[in-house]
Amino acid sequence: MSEQEMTIGFIGNPNCGKTTLFNALTGSNQYVGNWPGVTVEKKEGTARLGDRELTVVDLPGIYSLSPYSMEEIVARDFIIGEGPDAILNIVDATNLERNLYLTVQLLELERPLVLALNLWTRWSPGGIHRCGAPLPAAGRPRGPHHAKTGHGLDELLQVAHRQMHLGYTFEPDDLYDSFTHDIHHRMGELLHDYAYAAHLPAHWAAIKLLEGDKLVEEALHLPREVQEELQGIIAEYEGSSDLGDRETLIADSRYQYIERV
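What counts, and at which threshold
Residues numbered from 1 in each chain as written. Predicted model: local features only at pLDDT ≥ 70, side-chain atom pairs only at ≥ 80, totals over all residues. Heavy atoms only, no water. Helix = DSSP H or I, 4+ residues; strand = E, 2+ residues; numbered from the N terminus. Buried < 20%, exposed > 50% of the residue type's maximum accessible area, 1.4 Å probe, protein only. Contact = heavy atoms within 4.5 Å. Areas by Shrake-Rupley, 256 points an atom, 1.4 Å probe, with all protein chains shown as cover. Expected span 1.5 Å × (residues − 1). Phe/Tyr/Trp six-rings, centres within 6.5 Å; stacked < 30°, edge-to-face > 60°. Core = buried A, V, L, I, M, F, W, Y, C linked by side-chain atoms within 4.5 Å. Salt bridge = Lys/Arg side-chain N within 4 Å of Asp/Glu carboxyl O. Axes fitted to C-alpha atoms, helices over the stretch in contact; angles between N-to-C directions. Parallel < 35°, antiparallel > 145°, perpendicular 65-115°, else oblique. Left-handed = near helix turned anticlockwise from the far one by under 90°. Nonpolar A, V, L, I, M, F, W, Y, C, P; charged D, E, K, R; others polar. Pairing = 2+ DSSP bridges. Right-handed = clockwise from strand over helix to strand, strands pointing away.

**Some thoughts on the overall build of the protein**
Each helix and strand in the protein was counted, giving 9 helices and 9 strands. Considering the protein as a whole, with its 261 residues, one finds that 48% of them fall into the buried category. Of the contacts formed within the protein by residues at least 6 apart in sequence, a portion of 66% connects residues at least 24 apart. Surface exposure of the protein reaches about 12500 Å², of which carbon and sulfur atoms provide 48%.

Okay, structure coming up:
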């Protein structure tokens with residue numbers, strides 16, 4: 001790791017301060033183009049950590065990794081296909097609940113992750129208050145920092161570099177309620193080998209299939225008997241609650257985790 005080029009993928013919600021942070025770290029050492037085959041903007045640059053150069057890729061601003069927009073597909077294809085050494089998830093510290101929904105989905109990808117709480121300021125009658133603190137239990141948190149002032153940016157890169165060596169250090173099953181965990185585990189046992197053959201993270205493939213992700217379903221090339229067994233498990237899941245369909249059930253399970261955080 002120490003002798004090869006290292007890549008960090010920047011990802012976060014729109015207006016979370018991601019691009020400001022990218023510009024602060026890369027300065028003029030960046031270029032802008034389009035991702036191959038699509039009109040989604042691609043920004044890439046280099047940042048320095050001591051005598052090392054790190055490649056930094058600014059991924060599109062998105063709210064989730066569901067395949068409903070080209071931006072979402074580009075972001076997840078980069079993380080899975082390109083395999084960055086670490087993901088830097090920039091979070092607006094003043095709007096945690098909304099921002100952490102993407103964080104939960106990034107944790108499901110089982111990639112080295114640093115959670116960066118962008119230190120925003122807000123006005124109040126008493127003056128400016130700085131918002132942001134490390135979160136417990138959500139990957140490898142690091143905060144606060146401030147993209148506009150440059151506060152904490154060197155430390156942020158150091159933590160990301162360290163996480164590259166540590167690898168993935170979170171137990172993704174902690175993200176779900178006990179029933180969702182059981183359903184997900186049963187599905188994972190059925191499709192593990194197919195996910196491995198398709199070069200997809202097995203945990204992520206199982207949860208996306210449970211959500212009804214057609215792109216993942218097509219990539220797995222599951223035989224009919226496995227598909228039928230999985231559909232039986234999914235039907236059991238959907239029939240377990242009055243909340244509605246499986247996407248709603250998984251979203252509710254994720255938000256239960258976010259509320260605990």
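**Let's talk about helix α2 (residues 70-82)**
Its 13 residues place the ends of α2 17 Å apart at the C-alpha level, agreeing with the 18 Å of an ideal helix rising 1.5 Å per residue. Every buried residue of α2 is listed here: E72, I73, V74, A75, R76, F78, I79 and I80. Lining the buried residues of α2 we find β1 (6-12), β4 (52-58), β5 (86-92), α3 (96-107), α6 (202-211) and α7 (214-220). Backbone geometry just after α2 places G83 at a positive phi near 60 degrees.

**Quick notes on the packing of aromatic side chains**
One pass over the structure, following the stated rule, counts 4 aromatic pairs. Taking the centre distance of 6.4 Å and the plane angle of 80 degrees together, the rings of F10 and F22 count as edge-to-face. Taken as a pair, F10 in strand β1 and F22 in helix α1 (residues 18-26) lie far apart in primary sequence, 12 residues in all. Across this residue pair, the class does not change: F10 and F22 are buried.

**A short note on the nonpolar core**
Where a protein is soluble and globular, its nonpolar side chains tend to be buried together. Within the largest apolar cluster, 51 residues are counted, with the highest numbers of intra-cluster contacts made by I11, L106, L191 and L220. Residue contacts for L191: discarding those within four places in its chain leaves A202, A205, A206, L209, L220, L222 and L230. Of all hydrophobic cores here, the second largest spans 22 residues; its members include I8, C16, L153 and A160.

**Notes on the pattern of salt bridges**
Scanning all chains against the criterion turns up 11 salt bridges. For R186, the salt bridge identified is with E236, shortest N-O distance 2.9 Å. Highlighted residues: R186 in helix α5 (residues 178-197) and E236 in helix α8 (residues 224-238), separated in sequence by 50 residues. Accessibility expressed as a relative area gives 28% for R186, which makes it partly exposed. Each of E108, K208, E211 and R254 takes part in salt bridges that share partners, so that together they form one network.

**A look at the packing of α8 against helix α9 (residues 246-260)**
In the contact formed by α8 and α9, the axes pass within 9 Å of each other and the chain directions differ by 65 degrees. If you check the angle between α8 and α9, you find them roughly perpendicular. Two packed elements cross with a definite hand, and for α8 against α9 that hand is left-handed. Residues I234, Y237 and E238 of α8 form the contact with α9, whose participating residues are R246, L249 and I250. Here the contact of α8 with α9 is composed, by residue class, of 4 nonpolar, no polar and 2 charged.

**Regarding the pairing of strand β6 (residues 113-118)**
Among the 6 residues that make up β6, 6 are buried, leaving the element largely enclosed by the rest of the structure. Burial along β6 is two-sided: L113, L115 and L117 and V114, A116 and N118, pointing in opposite directions, are all buried. Where β5 lies against β6, 6 bridges are found, and the strand directions are parallel. Directly across from D92, in β6, lies its bridge partner N118. Since β5 and β6 lie parallel, the crossover through α3 that links them has a hand, and here it is right-handed.

On their own, these measurements won't tell you what the molecule is for.
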